[in-house]
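The residues making up each chain are set out below.
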Amino acid sequence: MEKISAQQDDVPEIIKNVGFDFSWDERKVWILEEPVMEMNIAELLWHFDIPFLSEGGGVYNLTPREVMEYPDRHAEEYNRTLSAVISHPIDIMENKGKLLILDGLHRLMKLSLQGETTIKVRIIPREKISKIIK
């Protein structure tokens, strides 16, 4: 999931409602030794309706669903999705009662486009926040 440096006023309310309240470094997430497990992709598809992506210099102004449904309009993000390396699991963490992606939104999009019904994930415990924070 893309983390953008934005003024709090620029962040849409939906992102404030579902997003993390800390900034993390994906590289720190990648080195955590957490088990890989399989999960039904349906548990994470809610991400597609939240504007976690950005384009045109905006901040959080594009949903994954828009990219997947209108690839010609959002070619840069669509190409990024198609280029995602799906051999890596999607890193998620429980947040505000939902499983939220720390890293792997484009992988999730690609796997969905390919018709996958199960995905590989690593559930990062909240106790590890201090190890991944920027």
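Up top is the structure these notes are about.
A few points on the structure. Counting restarts for each chain, with residues numbered from 1 along the sequence as it is written. In keeping with the predicted nature of the model, local features appear solely for residues at pLDDT of at least 70, side-chain atom pairs appear and are counted solely at 80 or more, and the whole-chain, interface and lining totals rest on all residues. For side-chain calculations, the full set of non-hydrogen atoms in the structure is used, while hydrogens and water are omitted.

1. Brief notes about the packing of aromatic side chains
- Side-chain rings of Phe, Tyr and Trp (the six-membered ring for Trp) are treated as a pair once their centres are within 6.5 Å; stacked means planes under 30 degrees apart, edge-to-face means over 60, and tilted covers the remaining angles. By the definition in use, this model includes 4 aromatic pairs.
- Ring geometry for F20 against F22: centres 5.0 Å apart, planes inclined by 45°, an arrangement best described as tilted. Just as F20 is buried, F22 falls in that class too.
- Taking the centre distance of 6.4 Å and the plane angle of 70° together, the rings of W46 and F52 count as edge-to-face. The same class applies to W46 as to F52, namely buried.
- Taken together, the ring pairs connect F20, F22 and W24 into an aromatic cluster.
- Note on criteria: charge over ring means Lys NZ or Arg CZ within 6 Å of the ring centre, with the direction from the centre no more than 35 degrees off the ring normal. Seen from the ring of W46, K98 lies directly overhead, with NZ or CZ sitting 4.4 Å from the centre. Burial classes follow relative accessibility: with a 1.4 Å probe on protein chains only, a residue under 20% of its type's maximum area counts as buried, one over 50% as exposed, and anything between as partly exposed.

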